[in-house]
Amino acid sequence: MRCTSSILFVLLLAGAAPALAQGVEKTPAPGGRGTCELLPGAREANRLVLGDGRAMVFISGPAEFVCPGGTTVKADSAVGVPDDGEFEFIGNVYYADTLKTLTTDWARYNRPDARLFARGNVVLTDKESGSVIRGPEMEDQRETPDRAVVRGRPHATLYERPKSREAAVASTADTAGAAADPVATLPDTLPVAVDTQSVAVASPPPADGGVVRPASPMEVDADRMEILGNRLFHAEGRVEIVRDSTRAWGESADYDQEAGTLVLVGEARVEGTEFTLSADRIDGRLLDGELHEVFARRQAVLTGEDLRVDAPDLRVYFDAGEVNRLVAVMDSSAGDRPVAVSREFTLVADSIDAIAPGQELERIVAVGSAYGERVADSLAAGLPEAVSRDWLRGDTITGYFTREPLPEEKSAEPPAVEGDTAKTRSTLERLVAVGPEGRARSLYRIREEGDATGRPSVNYLVANRITLVMRGGEVQSVEAEGPIEGIHLQPEAAPAEEQPPAPSVAPSGSSGGR
C-alpha cells in the first residue's frame, strides 16, 4: 500500500469556495500545482456565508473533480468550510490517483491537521501490487508522513510487489549467496557449522516476460492495521495470517513488501501441513510469497512428524513450504540448552542441527557436551533404573536415520493398487558419539545373538569414538575406536524350574482291592 503526501481531497484546499461563488468550474490546486476541475453534472454548487463571516460550500451530486497527475475524486455530495480547511464528501466516495484507489461511504479532510478520516465500507487498493485493505474506518495522518491507520478489525489481502527481471535475478543471486552461509542471512548469527548442500537455493526467475508475477496473496485479519509508505505493513491485536496451507498468529505482525520479511511478536505461531512452530517472536524471510527462512526467538518449539525441538533460539529453513533443516542453540546467559525428541530417543546439546529434506528426518548433529538417551523399551524389564536405558555422551553426537514402512494396521480399506506409495517413517539407524581423550562414553544393553527373549547384557564403554548400530529399536552391534575401556555385565542364568513329582500309578494287573 502507498499513502503519499497528496493522498485524497487536498484538491479543494485552496480557493475552492471563492471559485464556486463566482461560478467558476476550475479550482486552484494546493501549492499552485495546476487546478482541479469540477466536471459538469453537479446539480448545485452553492456558497453560504455564515453569521461569523465564514463561507460554507455545498456541492450536490454528483460531485466529480479531475486534478493534475491523473487524480480523480467523486462523491454524491460535498460540503466544506474553506476558512477552517475542513471538507466532507458524502455517499459513494471514490478517489483514484496513479498509485491507489479508495472507496468509502463518507470522508472528511482537515487541512490544519493534514488528516483524512474515512468511515463506512472503506476499501483501499494499491494499483501496483493489487493489495487491498477493507475495514469500517481509516485515518490518514499526515503529521506522520505516509501513514494510514485502518481500525475495526479490518481484512487485508496482500501481494508481493511485481518484480522486474533484473530484481528477480538480484533476488536469486542474494539467495544463492545465502546458501553459502544461510545462518548469516538473519540477525544474530549462530555459532554452528553449516552444511551448504542441505540448504535449498531458489530457482532462477522465469524466462518469459520482463515481470515476475506475484505469488498467492497473504490474507490478514487484525484489530488494527497501519500502512507506512509504499512497502511497510503493520497489524496488531489478534493477528491471523493465511497463505495457501500455511497459517500464522501473533499479537502483532510487520510485513515489508519489498524486502519480503515478516515478523510476528507475542505468542507467535506458524503452522504448515506437517509442522507447527511457536515462540515469543518469529522473524521470517519470504521468497516468492513462501517461507524460506525463519528465526524463532525465546521459548521456540518446532513440532513435526518425526521430531520435536525445544530451544531458546531456533532457525528453520524451508524448501517449497516444507521444513528442510533446523538449527537450535542454547541461551548462554540462562544456561538453557536445546532438546530434540524423536520417536526413539532424546538428544540434548549446546547446539542441534537437523537435516530433513522433504520434511523427512535424515541426520541430526548435536554439538557441545552432547547427551543422547533412547526411550524406555521392553529391555528395561527387570533391570535397575540406572541401567534401564541406552545412552551416549560425547563432544558431538550424530544420529543417522532411514525410512521404513509404517507397521501394518488392520483396515477395511481395499488393498493399495500398483503404483501407490506406501507410508513410511524415520527410524534411527546409527548413533555416533565422538570425544577425544575418552570423552565418548556409552551405556547400552544387548541380547546375545539368537536370544530374542532373554535378559540383555549391560555394557559400559569409554573410547574416542563409539558407534551404536540399531535394528528393530535395539542395539544390534557396537564399534569403538581409540583407547577402549569398558565393563560387561552378563545376566545370571534363570534357575531351573523344579519338575513336578510323577503321579502314582498302580502296577499292571493289580486288582486294586484287598
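Small disclaimer: the values here were computed from a predicted structure and weren't measured.

Student: Which residues make up the overall build of the protein, and what are the values?
Tutor: Scanning the protein for helices and strands turns up 2 helices and 33 strands. Looking at the 514 residues of the protein, the share that counts as buried comes to 45%. In the protein, of all internal contacts separated by at least 6 residues, the share reaching a separation of at least 24 is 51%. Surface summary for the protein: the accessible area is close to 25900 Å², and the carbon and sulfur share equals 50%.

Student: So what's going on with the confidence of the model for the protein? Residues and values would help.
Tutor: A residue-level look at the protein finds 69% of positions with pLDDT of 70 or above and a mean pLDDT of 74. In this model residues 164-213 is a low-confidence stretch, pLDDT under 50, and it forms 79 contacts with partners more than four residues away in sequence or in other chains. Here residues 505-514 scores under 50 on pLDDT; set against residues more than four positions off or in separate chains, the count is 0 contacts.

Student: Explain empty space enclosed by the protein residue by residue, including any values.
Tutor: In the structure shown here, the tally under the stated rule is 6 cavities of 30 Å³ or more. Put simply, the largest cavity is a space of about 180 Å³. Lining the largest cavity are 17 residues, and of these Gly304, Leu307, Val323, Ala356 and Gln359 sit closest to its centre. Mapped onto the lining of the largest cavity, the elements with two or more residues apiece are strand 20 (290-304), strand 21 (307-319) and strand 22 (322-329). Of the residues that constitute the lining of the largest cavity, the class distribution is 9 nonpolar, 3 polar and 5 charged.

Student: Account for the packing of aromatic side chains, with residues named and values stated.
Tutor: Enumeration over the complete set of coordinates arrives at 5 aromatic pairs. A centroid spacing of 6.1 Å and a plane angle of 70° characterise the contact between Trp106 and Phe117, whose relative ring orientation is edge-to-face. Residue Trp106 is found in strand 7 (residues 100-110), and its partner Phe117 is found in strand 8 (residues 115-126); the two are separated by 11 residues along the sequence. In terms of burial, Trp106 and Phe117 fall into one category: buried. Relative to Phe401, the ring of Phe345 lies with its centre 5.9 Å away and its plane at 35°, an arrangement referred to as tilted. You can see Phe345 sitting in strand 24 (residues 345-348) and its partner Phe401 sitting in strand 27 (residues 391-405), a full 56 residues away along the chain. Classification of Phe345 as buried rests on a relative accessible area of 1%. Lying over the aromatic face of Phe295, Arg315 brings its terminal NZ or CZ to 4.0 Å of the ring centre.

Student: So, the nonpolar core: which residues are in play, and what are the values?
Tutor: Core analysis: the largest hydrophobic core is formed by 84 residues, its most contacted members being Val220 and Leu314. If you tally residues by element for this core, the top one is strand 21, at 6 residues.

Student: Give a description of a negative patch on the surface that names residues and reports values.
Tutor: Among the surface-exposed residues, Glu274, Asp288, Glu290, Glu305, Asp319 and Glu322 lie close enough to one another that they form a single negatively charged patch. For Glu274, the location among the structural elements is in the loop between strand 18 (261-271) and strand 19 (275-287).

Student: Any details on the pattern of salt bridges? Residues and values, ideally.
Tutor: For the structure shown, the criterion picks out 25 salt bridges. Between Arg153 and Glu240 there is a salt bridge, with the nearest N and O atoms lying 3.8 Å from each other. Here Arg153 is found in the loop between strand 10 (147-151) and strand 11 (155-158), whereas its partner Glu240 is found in strand 16 (residues 232-243), with 87 residues between them in sequence. Residue class for Glu240 comes out partly exposed when judged on its relative accessible area of 32%. The salt bridge involving Asp223 is made with Arg238; its shortest N-O contact spans 2.7 Å.

Student: Requested: an account of the side chain of Ser129, with residues and values cited.
Tutor: Relative to the elements of secondary structure, Ser129 occurs in the loop between strand 8 and strand 9 (132-141). Judged by relative accessible area, which is 7%, Ser129 ranks as buried. A polar contact is formed between the side chain of Ser129 and the side chain of Ser131, at a distance of 3.0 Å.

Student: Provide a residue-level description of the pairing of strand 28 (residues 424-434), including the pertinent values.
Tutor: Across 10 bridges, the pairing between strand 27 and strand 28 is antiparallel. Pairing of Ile397 across the sheet is with Ala433, part of strand 28. As paired elements, strand 28 and strand 31 (residues 465-471) share 5 bridges and run antiparallel to each other. Within the sheet, the bridge partner assigned to Ala433 lies in strand 31 and is Ile466.

Student: Now, about the pairing of strand 11: what can you tell me, with residues and values included?
Tutor: Looking at chain direction, strand 9 and strand 11 are connected through 3 bridges and run antiparallel. Bridge pairing in strand 11 links Val132 to Thr157. With 4 bridges connecting them, strand 11 and strand 14 (residues 218-221) associate as antiparallel partners. The partner of Ala156 across the bridge, within strand 14, is Val220.

Student: So what about the environment of Glu360? Which residues, and what values?
Tutor: Mapped onto the elements, Glu360 comes out in the loop between strand 25 (351-355) and strand 26 (363-374). Residues Glu360 and Arg403 lie 43 residues apart in sequence; the distance between their C-alpha atoms is 8.4 Å. If we ignore the near neighbours within four places in the chain, the residues touching Glu360 are Asp306, Ile355, Arg403 and Ser426.

Student: Which residues make up the environment of Arg403, and what are the values?
Tutor: Note that Arg403 resides in strand 27. Put simply, Arg403 and Ser426 are 23 residues apart on the chain and 4.7 Å apart in space, counted from C-alpha to C-alpha. In this view, Arg403 contacts Asp306, Glu360, Leu361, Thr424, Arg425 and Ser426; residues no more than four positions away in its chain are not counted.

Student: Describe the environment of Glu344, listing the residues and the values that go with them.
Tutor: For Glu344, the location among the structural elements is in the loop between strand 23 (339-342) and strand 24. In sequence terms Glu344 and Glu474 are 130 residues apart; their C-alpha atoms lie 9.9 Å from each other.

Student: Requested: an account of unusual backbone geometry, with residues and values cited.
Tutor: We note that Ser369 has phi near 45°; this positive angle belongs to a residue other than glycine. Within the secondary structure, Ser369 sits in strand 26. On the basis of relative accessibility, which here comes to 52%, the residue Ser369 falls in the exposed class. Of note in the backbone geometry, Glu437 takes a positive phi value of approximately 60° without being a glycine. Structurally, the position occupied by Glu437 is in the loop between strand 28 and strand 29 (440-446). Look at Glu437 and you get exposed, because its relative accessible area is 72%.

Calculation criteria
Residues numbered from 1 in each chain as written. Predicted model: local features only at pLDDT ≥ 70, side-chain atom pairs only at ≥ 80, totals over all residues. Heavy atoms only, no water. Helix = DSSP H or I, 4+ residues; strand = E, 2+ residues; numbered from the N terminus. Buried < 20%, exposed > 50% of the residue type's maximum accessible area, 1.4 Å probe, protein only. Contact = heavy atoms within 4.5 Å. Areas by Shrake-Rupley, 256 points an atom, 1.4 Å probe, with all protein chains shown as cover. pLDDT = per-residue confidence, 0-100. 1 Å grid on protein atoms, 1.4 Å probe; cavity = no way out; pocket = protein on both sides within 12 Å on 5 of 7 lines; lining within 4 Å. Points joined across faces, edges and corners; volume = space filled by probe spheres on them. Nonpolar A, V, L, I, M, F, W, Y, C, P; charged D, E, K, R; others polar. Phe/Tyr/Trp six-rings, centres within 6.5 Å; stacked < 30°, edge-to-face > 60°. Lys NZ or Arg CZ within 6 Å of the ring centre and 35° of its normal. Core = buried A, V, L, I, M, F, W, Y, C linked by side-chain atoms within 4.5 Å. Patch = residues over 30% accessible without salt bridge, like charges linked within 9 Å, V, L, I, M, F, W, Y side chains within 5 Å. Salt bridge = Lys/Arg side-chain N within 4 Å of Asp/Glu carboxyl O. Lys, Arg positive; Asp, Glu negative; His and termini not counted. Charge placed at Lys NZ, Arg CZ, Asp CG, Glu CD. Polar contact = N/O pair within 3.5 Å; in protein donor to acceptor, adjacent residues only side chain to side chain. Pairing = 2+ DSSP bridges.

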